[in-house]
Amino acid sequence: MSLDKEFYKNIMNNLPEGMAVCDADRNIIDVNKNFERLTGFFKKDLTGKNISVLIKNTGTNCDNCSQEENKSKSYYIGELIDRDNRSICVRITFSITKDDKIIYLIIPLADVAFLNRAHIDFVSTVSHELRTPLTSIKGFADTLLSSGNRLSADQQKRFLGIIKSQVDRLTRLVEDLLTVSKLESKKDKLIYKAIDLPKFFENIVYSIQPKAQEHQIEVRIMSNLPPVWADSDKFEQIITNLVDNAIKYSNAGTKVLIEAKFVGENPDFMEINIKDQGVGIPEEYISKIFTKFSRIDNPLTRQVEGTGLGLYITKSLVENMGGKINVISNKEGSTFSLMLPVATYEKPTQRKF
Ligand code: ADP
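Residues numbered from 1 in each chain as written. Predicted model: local features only at pLDDT ≥ 70, side-chain atom pairs only at ≥ 80, totals over all residues. Heavy atoms only, no water.

Caption draft 1: Highlighting the overall build of the protein chain. Helix and strand content of the protein chain: nine helices and 13 strands. Here the protein chain, with 353 residues, has 39% of them falling under the buried criterion. Across the protein chain, the fraction of contacts at a sequence separation of at least 24, relative to all contacts at a separation of at least 6, is 58%. Carbon and sulfur atoms form 53% of the exposed surface of the protein chain, whose accessible area is close to 21200 Å². (Helix = DSSP H or I, 4+ residues; strand = E, 2+ residues; numbered from the N terminus. Buried < 20%, exposed > 50% of the residue type's maximum accessible area, 1.4 Å probe, protein only. Contact = heavy atoms within 4.5 Å. Areas by Shrake-Rupley, 256 points an atom, 1.4 Å probe, with all protein chains shown as cover.)

Here it is, written out as structure tokens:
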């Protein structure tokens, strides 16, 4: 296959929509994998068929939709009839190329609604999260400007302290959002190497120490445990997030245990546990904590800073590295468990992106 053709195939098959290329009489010339999936037909059964057998204009109105296929409007709501004669409601987008071919892009309406809803929810949550610290910064800055000379030095200092902590919160939020956007666009390259756990955990404990003055952090690594196979920056981000949470959501004087060991019979994966004696997570919220912007209301969540993005980022990073994350929690505390690949002799020769 020539490079152009391969490139074209790749684009076609990575589209979220079903795509069909037709001649001017609407006879099918080519389809992508999603079109095969939606209709239940293989490409060889579809080639030469008139697309009007598969898609119908239902005449349903929608904003900006055209009810006719013409050159001025490019999409309408219709029906797709699959191999089993079932019909699903779809959005049909079409365009006519210079050489009079017609390209159809077809997506089930349920998927469009889901994507739009998720997008709207995300934008509205981000706007809210940005507006809260901005309102506070503006309020205290206005007060300092208009009546700063009537405030005591201590009051001025306290207001400046609040402004600084809100700016820190905004910075954290923007950094987390950038990480989320990189993760979702899959632009981040992972550079794997064998990471020796004793040294690695020693560094983590050292750098997190300023936040853990009132907690005891213990590291327990099974003897003869091989190194983990991971991207070291991302691995550091994962463990730091989990230890940071373990400290944030448990009371002073309690212990945080970092533990690494083999479990079961599988020598290809190791288990890393971050165990705290904190407030725990109610069972009904366990499935929600790994989603974006989920903060569970408890007395400590109200006291400590957070964006609700940490565990979403952590889970995505773990899964990008071929691992898994789980949590067990009750009133005595929470244990976040990671399963991560072990570094073997063959692995250093591979580089995965
Ligand atoms: P945040 O920035 O709020 O810490 P995360 O995504 O890291 O966001 O965590 C989501 C929510 O899960 C937290 O707000 C908290 O309510 C809960 N949570 C996370 N880790 C723990 C833990 N170790 N113990 C109890 N609750 C936790």
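Having put the structure on the table, let's press on.
Caption draft 2: Seen up close, the pairing of strand E12 (residues 324-330). Across the two faces of E12 the burial differs, with Ile325, Val327 and Ser329 buried and Lys324, Asn326, Ile328 and Asn330 not buried at all. Sheet analysis places E12 next to strand E13 (residues 333-341), joined by seven bridges and oriented antiparallel. Looking across to E13, one finds that Lys324 is bridged to Met339. Between E12 and E13, which pair antiparallel and follow one another directly, the connecting turn spans two residues. (Pairing = 2+ DSSP bridges.)

Caption draft 3: Inspection of the packing of helix H5 (residues 153-185) against helix H9 (residues 310-320) at higher detail. One way to put it is that H5 packs onto H9 with a least axis distance of 10 Å and a crossing angle of 30°. Along this stretch, H5 crosses H9, giving a crossing that reads as left-handed. Along the contact surface, H5 presents Asp176, Thr179, Val180, Leu183 and Glu184, while H9 presents Tyr312, Ile313, Ser316, Leu317 and Asn320. (Axes fitted to C-alpha atoms, helices over the stretch in contact; angles between N-to-C directions. Left-handed = near helix turned anticlockwise from the far one by under 90°.)

Caption draft 4: Representation of the site of the ligand. If you check the shell around the ligand, you find 20 residues, and the closest are Asn245, Tyr249, Arg295, Thr307 and Leu311. Arg295 is positioned such that a nitrogen or oxygen atom in its side chain is 2.5 Å from an oxygen atom of the ligand. At a separation of 3.1 Å, an oxygen atom of the ligand approaches a polar backbone atom of Ile296. Broken down by secondary-structure element, the contributors of at least two residues to the shell around the ligand are helix H7 (232-248), H9 and E13. Per element, the largest residue contribution to the shell around the ligand is three residues, and it comes from H7. (Near = heavy atom within 4 Å. Polar contact = N/O pair within 3.5 Å; in protein donor to acceptor, adjacent residues only side chain to side chain.)

Caption draft 5: Just the sheet that holds strand E1 (residues 18-22), in detail. Read from one edge of the open sheet, six strands run E2-E1-E6-E5-E4-E3, paired in antiparallel fashion. The open sheet terminates on both sides in strands that have one partner only, identified here as strand E2 (28-31) and strand E3 (55-57). When the angles between neighbouring strand axes are averaged without regard to direction, this sheet yields 35°. Note: E3 against strand E4 (residues 75-81), three bridges, orientation antiparallel. Bridge pairing in E4 links Asn57 to Gly78.

Caption draft 6: A look at H7. The terminal C-alpha atoms of H7, which comprises 17 residues, lie 24 Å apart, in line with the 24 Å expected from a rise of 1.5 Å per residue. Buried residues of H7: Lys234, Phe235, Ile238, Ile239, Asn241, Leu242, Val243, Asp244, Asn245, Ala246, Ile247 and Lys248, and no others. Backbone nitrogen of Asp233 and a side-chain oxygen of the N-cap are separated by 3.1 Å at the start of H7; the cap is Asp231. (Expected span 1.5 Å × (residues − 1).)

Caption draft 7: Main features of the packing of aromatic side chains. According to the stated counting rule, one finds six aromatic pairs in the structure shown. Ring plane angle 40° and centroid distance 6.4 Å describe the contact between Phe94 and Tyr104, whose orientation is recorded as tilted. Of the two residues, Phe94 is situated in strand E5 (residues 87-96) and Tyr104 in strand E6 (residues 102-108); the sequence distance between them amounts to ten residues. Through successive ring pairs, a cluster of aromatic residues spans Phe200, Phe201 and Phe235. The cationic tip of Lys49 hangs over the ring face of Phe41; the distance from NZ or CZ to the ring centre is 4.2 Å. (Phe/Tyr/Trp six-rings, centres within 6.5 Å; stacked < 30°, edge-to-face > 60°. Lys NZ or Arg CZ within 6 Å of the ring centre and 35° of its normal.)

Caption draft 8: Highlighting the sheet that holds strand E11 (residues 269-276). The five strands are arranged E8-E10-E11-E13-E12 in an open sheet whose pairing can be described as mixed. Looking at strand neighbours, the two that pair on one side only are strand E8 (216-221) and E12, the edges of this open sheet. Sheet twist, expressed as the mean angle between neighbouring strand axes with direction ignored, is 15°. Strand direction decides the pairing type here: E11 and E13, joined by seven bridges, are antiparallel. Its bridge partner lying in E13, Phe269 is registered against Pro341. Across the sheet, H9 lies against E12 and E13, angled at about 140° from E12, the strand it touches most.

Caption draft 9: Inspection of the side chain of Lys234 at higher detail. Assignment of secondary structure puts Lys234 in helix H7. Once residues lying within four places of it in the same chain are set aside, the contact partners of Lys234 are Asp188, Leu190, Leu317 and Met321.

Caption draft 10: Quick peek at the packing of H7 against H9. Between H7 and H9, the shortest axis-to-axis distance is 10 Å and the interhelical angle comes to 145°. Crossing of H7 over H9 shows left-handed handedness. Residue-level inspection shows Lys234, Gln237, Ile238, Asn241, Leu242 and Asn245 of H7 in contact with H9, the latter providing Gly310, Leu311, Ile313, Thr314, Leu317 and Val318. Of the residues in the contact of H7 with H9, the class split is six nonpolar, five polar and one charged. (Nonpolar A, V, L, I, M, F, W, Y, C, P; charged D, E, K, R; others polar.)

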